[in-house]
Amino acid sequence: MDVGGWGDSLPRMFTKASRWRRGAVWLLLSWIWISAVGADGVVKPPQIQFTDSVNQLLALFSPTNQQTLSGTLEVVRAQGLPSELAGMKWVGAVQFPERAKVSGSLKKEAFEIGRLGDELWILQPGKRFGVHGAPGRARFSTAPDVKDTSRLGPLALPVRPEQLAVIPLMFRAEEMPEETVDGSACRVIRATLAREAQAMLKTGPMVLTLALRASDGLPIRIGYSDGRKTDVLVQVRGLRVERAWPEERWRMQVPEGMTVEKVAISHLQKFLPSALRVVTTQATPLRKGEGREVVARHGRGRLELHDGTRVLFLAGTPEEMGEQHGVLLKREVRDLVERVLYGVGVGSSFEKGRWFLGEIEQCQTRIGRFTDARYTREMDAIAMAAGLDREEVRLANFFPELFHCSGYALLPGATVGGRIFHGRVLDYMKGIGLEPNAVVIVHRPDVGHAWANVSYAGFVGTVTAMNDQHISIGEMGGRGEGQWDGKPMAQLLREVMESATNLEEAVAILRKGPRTCEYYYVIADGKTGKAVGIAATPTTFEVVEPGAVHERLPHAVPNAVLLSAGDRYEELVRRVKAQHGKFDVATARDLMTRPVCMKSNIHSVLFAPDTLDFWVANSDGEVPAAHCRYFQYNLKELLRPEVAPVEVKVGGGK
């Protein structure tokens, strides 16, 4: 069912969804299809029963139905589904078109989700926390006069009724021996997807096995197998169809001592599909391509593909660059904001027991006083061009405040030929769907230096970058979340890129701040062959020179700056010592592989700031970035006036 009417068409469910989501869809459809006994009490052949059952049970889910359907759903077997679903039990009731209530547990946390009309709520008794969404409330505290006018659509099935009518024609049903399930005599029907349907849908021999209660023909056990990795068995206990419950029975009941945040209905309306998209995200292979091609232009900006990877060129004032960004990557910006803000962000509320948007708005209020107005103007221009609220883009831009990573610099003496290499490992949020929105952004602001940003659609700051002055930078997060009276870290690093011409100036900008939270930085200068590490909090600032020892970095390695933590740091030190004096591009990149990178490694970058070369590897959503394909770019080449297509090197190279 769909709380707001959203859903995919039938073909998309089979061709676009992940294997376990297809299984979930078929389980839902199976409940709707089957009614085993006709009105005259005559047992019908299984194939005829498929067709007759559709109209009979669709009436139960019709907006005009005045009955309540209730029961307990138990996942008995869940091979091929997320492990959290195994053994899950949820007690629920539904009355179309706008009443539903379900309670159960997920990851050992109890939840209750309910809907009554345009009200929607999620309660978490274990954390004494809940949220209640309704229309007429302000969506954002920074715009209190702008009220949410959203409305929930009617509860809906994942596919339209007319599409369901063809379902029985796609299966071949057969009678199986009768069984007793949960104390009830049941007729059992096994339905296999016909070969013609398998060819059309490009899928395997899907099989549904349904136990239909003899007393009323309702399904109380549903099995699904795709013939490969997915094998699911769900039992419906206590299934009842009864007179419509009174409204009072559907209302939210708040346990004593529980805090319930009153929020705009649209926040929860966006959370549910966004969270589903995060959970069902699949890896998207990079498009195969050769060379360099322009795919879109807007103003002075353009979007290019370099061997299938995105490179976005922005130029001009903050308003111009923001508009170029929002127009050329509109779909990607919208997708990323929804995933980060509503899927991951709002979802984290139930893990922490605190309303995420309230927390991040408090962060914005405190941090906003220190934010450069030029960056705010650019964010607002992105939002306008992408068709988003400016508050959404502003809030989404604060998510880098949570990064945790590794970094290193290898200086002349540790490398072959007197080179300088700066490695940057970003360990954060792999697998939630940021990967398809990865982009290398080439900034040419009207004020300041040009620079390259290894980033994601919609972000104006940076955590991984190099400018045309041969300065490269990367960070790793520490503790101190909530210490937000300073410049946003990602925007402070952008200030370094646009203002610093040498290592000393870069360090001075970070020292001046003001800074937020605790962060560690590696900065390299390709012109001088120097680099330093920095350990900083809002009140402390330490510069770690190459070969120096720090209380958290106890190993001194000559001509190297090595920043990481725990066992990852120990392994990084071991590798550098083993190859000291022999590092080239390939061996410098290999330093970032597991276990130096974490399983959450979403991108890894090797900078050669002496030549302005850099190599970027993005995770495919499953494999850590450091184990994926690297693509080579050169900032000097990217900044040249646009000419005929040029060949782009992939993988190795020196």
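As a reminder, the structure under discussion sits directly above these lines.
If you're wondering where the values come from, they're calculated on a predicted model, not measured in any experiment.

K.L.:
Just checking my understanding: could you explain the sheet that holds strand 7 (residues 171-181) for this structure?
P.N.:
Two pairing modes exist for strands in a sheet, parallel and antiparallel, and in both the strands are linked by backbone hydrogen bonds. Within the open sheet, the twelve strands sit side by side as 7-8-9-10-11-1-2-3-4-5-6-12. Their pairing is mixed. Whereas interior strands pair on both sides, the edge strands pair on one side only; in this sheet they are strand 7 and strand 12 (259-264). Put simply, the sheet's adjacent strands are angled 15 degrees from each other on average, direction ignored. With eleven bridges joining them, strand 1 (residues 67-79) and strand 11 (residues 231-243) adopt antiparallel strand pairing. Each residue of the ladder has a partner; that of Gln79, found in strand 11, is Asp231. Seen against the sheet, helix 9 (residues 330-352) touches strand 4 (109-116), strand 5 (119-124) and strand 6 (129-134) and runs at an angle of roughly 145 degrees to strand 6.

K.L.:
Looking at this structure, I do not really get the nonpolar core. What am I missing?
P.N.:
Generally speaking, a soluble globular protein has its nonpolar side chains buried in company with each other. In terms of nonpolar packing, the biggest core is built from 126 residues, with Leu357, Leu434, Leu510, Ile523, Ile534, Leu562 and Val576 touching the most fellow members. Tallying contributions element by element places helix 9 first for this core, with eight residues. When sequence neighbours within four positions are dropped, the list of residues in contact with Leu510 reads Ile473, Leu492, Leu493, Val496, Arg515, Tyr521, Ile523, Ile534 and Phe541.

K.L.:
Sorry if this is basic, but what is going on with the pattern of salt bridges here?
P.N.:
Pairs can form between side chains of opposite charge whenever their charged atoms are close. By the definition in use, this model includes 40 salt bridges. Note that Asp182 is salt-bridged to Arg237, the shortest N-O span being 3.1 Å. Linking Asp182 in the loop between strand 7 and strand 8 (184-193) with Arg237 in strand 11, this pair joins segments that are 55 residues apart in sequence. We note a salt bridge from Glu332 to Arg331, for which the minimum N-O separation is 3.5 Å. Given a relative accessible area of 65%, Arg331 falls into the exposed group. Here the residues in one salt-bridge network are Arg99, Glu247, Glu248 and Arg251, joined through shared partners.

K.L.:
Could you clarify how one ought to interpret the environment of Glu119 in this entry?
P.N.:
By secondary structure assignment, the location of Glu119 is in strand 5. The class for Glu119 is partly exposed, based on a relative accessible area of 28%. Considered as a pair, Glu119 and Met252 are 133 residues apart in the sequence and their alpha carbons are 9.3 Å apart. If we ignore the near neighbours within four places in the chain, the residues touching Glu119 are Gly114, His132, Gly133, Ala134, Leu152 and Arg251. One polar contact links Glu119 to His132, side chain to side chain, over a distance of 2.9 Å.

K.L.:
I tried to follow the state of the cysteines on my own but got confused; where do I start?
P.N.:
Covalently bonding the sulfur atom of one cysteine to the sulfur atom of another cysteine gives a disulfide. A complete count under the given rule lists zero disulfides for this structure. Not part of a disulfide, Cys363 finds its nearest cysteine sulfur in Cys517, a span of 7.6 Å. Cys597 carries a free sulfur, and the closest cysteine sulfur to it, the one in Cys628, is 9.6 Å from it. Overall, the relative accessible area of 0% leaves Cys597 in the buried class.

K.L.:
Is there a simple way to think about the packing of helix 9 against helix 10 (residues 356-367) in this case?
P.N.:
The axes of two packed helices give the description: the angle between them and the distance between them. Viewed as axis vectors pointing N to C, helix 9 and helix 10 meet at an angle of 105 degrees, and their least axial separation amounts to 8 Å. Relative to helix 10, the element helix 9 lies roughly perpendicular. Here Leu341, Tyr342, Gly345, Val346, Ser348, Ser349 and Lys352 of helix 9 lie close against helix 10, whose contacting residues are Phe356, Leu357 and Glu359.

K.L.:
Which parts of the structure should I look at to understand empty space enclosed by the protein?
P.N.:
In this approach a probe as big as a water molecule rolls over the atoms, and the regions it shows empty are the leftover space. Summed over all chains, the structure comprises six cavities of 30 Å³ or more. Empty space within the second largest cavity amounts to approximately 90 Å³. Lining the second largest cavity are 13 residues, with Ala548, His555, Ala560, Val561 and Leu562 positioned closest to its centre. With four residues, strand 25 (residues 560-563) is the single largest residue contributor to the lining of the second largest cavity. In terms of residue class, the lining of the second largest cavity is built from ten nonpolar, two polar and one charged.

Each value, and the rule that gives it
Residues numbered from 1 in each chain as written. Predicted model: local features only at pLDDT ≥ 70, side-chain atom pairs only at ≥ 80, totals over all residues. Heavy atoms only, no water. Pairing = 2+ DSSP bridges. Helix = DSSP H or I, 4+ residues; strand = E, 2+ residues; numbered from the N terminus. Axes fitted to C-alpha atoms, helices over the stretch in contact; angles between N-to-C directions. Contact = heavy atoms within 4.5 Å. Core = buried A, V, L, I, M, F, W, Y, C linked by side-chain atoms within 4.5 Å. Buried < 20%, exposed > 50% of the residue type's maximum accessible area, 1.4 Å probe, protein only. Salt bridge = Lys/Arg side-chain N within 4 Å of Asp/Glu carboxyl O. Polar contact = N/O pair within 3.5 Å; in protein donor to acceptor, adjacent residues only side chain to side chain. Disulfide = S-S within 2.5 Å. Parallel < 35°, antiparallel > 145°, perpendicular 65-115°, else oblique. 1 Å grid on protein atoms, 1.4 Å probe; cavity = no way out; pocket = protein on both sides within 12 Å on 5 of 7 lines; lining within 4 Å. Points joined across faces, edges and corners; volume = space filled by probe spheres on them. Nonpolar A, V, L, I, M, F, W, Y, C, P; charged D, E, K, R; others polar.

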